[in-house]
Amino acid sequence: MPDPTDPSPTPGTGAAAAAHRTPHPGSLAAVGTTAAPSWLSERLESGEHPDAVRAFRMAREQFIDGERIDMGRLAGRLGIDRTSLFRWVGNRDALLSEVLWSLAVPTLQQAEDAAAGRTGPDRVAAVLTSFASDLIRAPYFRAFLRREPARALRLLTTNESEIHRRYVATVRVLVLAELGEHPFDRAIDANDLAFVLVRVSESFTYADLISGDTPSAARARAAFDVVLRPGASS
């Protein structure tokens, strides 16, 4: 499995292909861990902890294969005890969070590539819709949501979640680039609009867990268009 910070490109579309898409320097996909680093993300990126990287890569392979990441089983496969594994990567939530974000990074890159040539509100909506669509269609991701719904929502959507904070930071950069610090001259800044857009994205991507509804990228796009409608009254 390639390094999550430098996955080799694979032809095709969708989340399976996106899992191996190389992020471009300076792209949206590179924003998250810079904006909200974690103890484990810093260990993985420093290159000074090969054992942590090895454990992370194995966990990521298991996740993509649709398996539950079990710390005891993972430690056994690595030939170490659980105490050593926790020392390498932290607890299970920390490891899961980095695995999840490592898959979000190339998926964001694919979404950004798909929106090439678009500008303004249309580009913002296109990137977010593509990202939501790939998450909704990723079998290993949906398997995780079905298997551990409460944990998934906590790791993906709460304000304490590194994943949520990284996604908000990423969308803020997108909003700033396309709409400026005060989009449409309304009484909302780029950070607040990014937060709203992320909550819209989460609502439709995880609709089955939140409200028992069917996840829908098309409905997410319609909601993005309403929020990003430049002619809307203040």
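Preceding this paragraph is the structure being described.
Residues numbered from 1 in each chain as written. Predicted model: local features only at pLDDT ≥ 70, side-chain atom pairs only at ≥ 80, totals over all residues. Heavy atoms only, no water.

**Student:** What am I meant to see in the nonpolar core here?
**Tutor:** A general tendency of soluble globular proteins is for nonpolar side chains to be buried together. Ranked by internal contacts, the top residues of the largest apolar core, which has 63 residues, are Phe-63, Val-89, Leu-95, Phe-141 and Leu-197. The dominant element in this core, judged by the number of residues it contributes, is helix α7 (residues 92-114), at ten residues. (Core = buried A, V, L, I, M, F, W, Y, C linked by side-chain atoms within 4.5 Å. Buried < 20%, exposed > 50% of the residue type's maximum accessible area, 1.4 Å probe, protein only. Helix = DSSP H or I, 4+ residues; strand = E, 2+ residues; numbered from the N terminus.)

**Student:** When you look at helix α8 (residues 120-137) in this model, what are you seeing that I'm missing?
**Tutor:** Helical geometry: 3.6 residues make up each α-helical turn, so side chains three or four residues apart lie on a common side. Relative to the 26 Å expected for 18 residues at 1.5 Å per residue, α8 spans 26 Å between its end C-alpha atoms, a close match to the ideal helical length. With 15 of 18 residues buried, α8 is to be regarded as a mostly interior element. (Expected span 1.5 Å × (residues − 1).)

**Student:** Is there a simple way to explain the pattern of salt bridges in this structure?
**Tutor:** Side chains that differ in sign of charge can pair as their charged atoms come close. Counted under the stated rule, the structure contains 18 salt bridges. Among the salt bridges present, the one from Asp-70 reaches Arg-68, with a minimum N-O distance of 3.5 Å. Overall, the relative accessible area of 23% leaves Asp-70 in the partly exposed class. As a salt-bridge pair, Arg-151 and Glu-148 come within 2.8 Å of each other at their nearest N and O atoms. (Salt bridge = Lys/Arg side-chain N within 4 Å of Asp/Glu carboxyl O.)

**Student:** What is the right way to look at empty space enclosed by the protein in this model?
**Tutor:** In this approach a probe as big as a water molecule rolls over the atoms, and the regions it shows empty are the leftover space. For the coordinates displayed, the defined rule picks out one cavity of 30 Å³ or more. Size it by volume and the largest cavity reaches roughly 220 Å³. Taken together, the elements giving at least two residues each to the lining of the largest cavity come down to α7, α8, α9 (139-147), α11 (162-179) and α12 (190-205). Considering each element in turn, the lining of the largest cavity owes the most residues, five residues, to α7. Each residue belonging to the lining of the largest cavity can be placed in one class, and the counts come to 14 nonpolar, four polar and one charged. (1 Å grid on protein atoms, 1.4 Å probe; cavity = no way out; pocket = protein on both sides within 12 Å on 5 of 7 lines; lining within 4 Å. Points joined across faces, edges and corners; volume = space filled by probe spheres on them. Nonpolar A, V, L, I, M, F, W, Y, C, P; charged D, E, K, R; others polar.)

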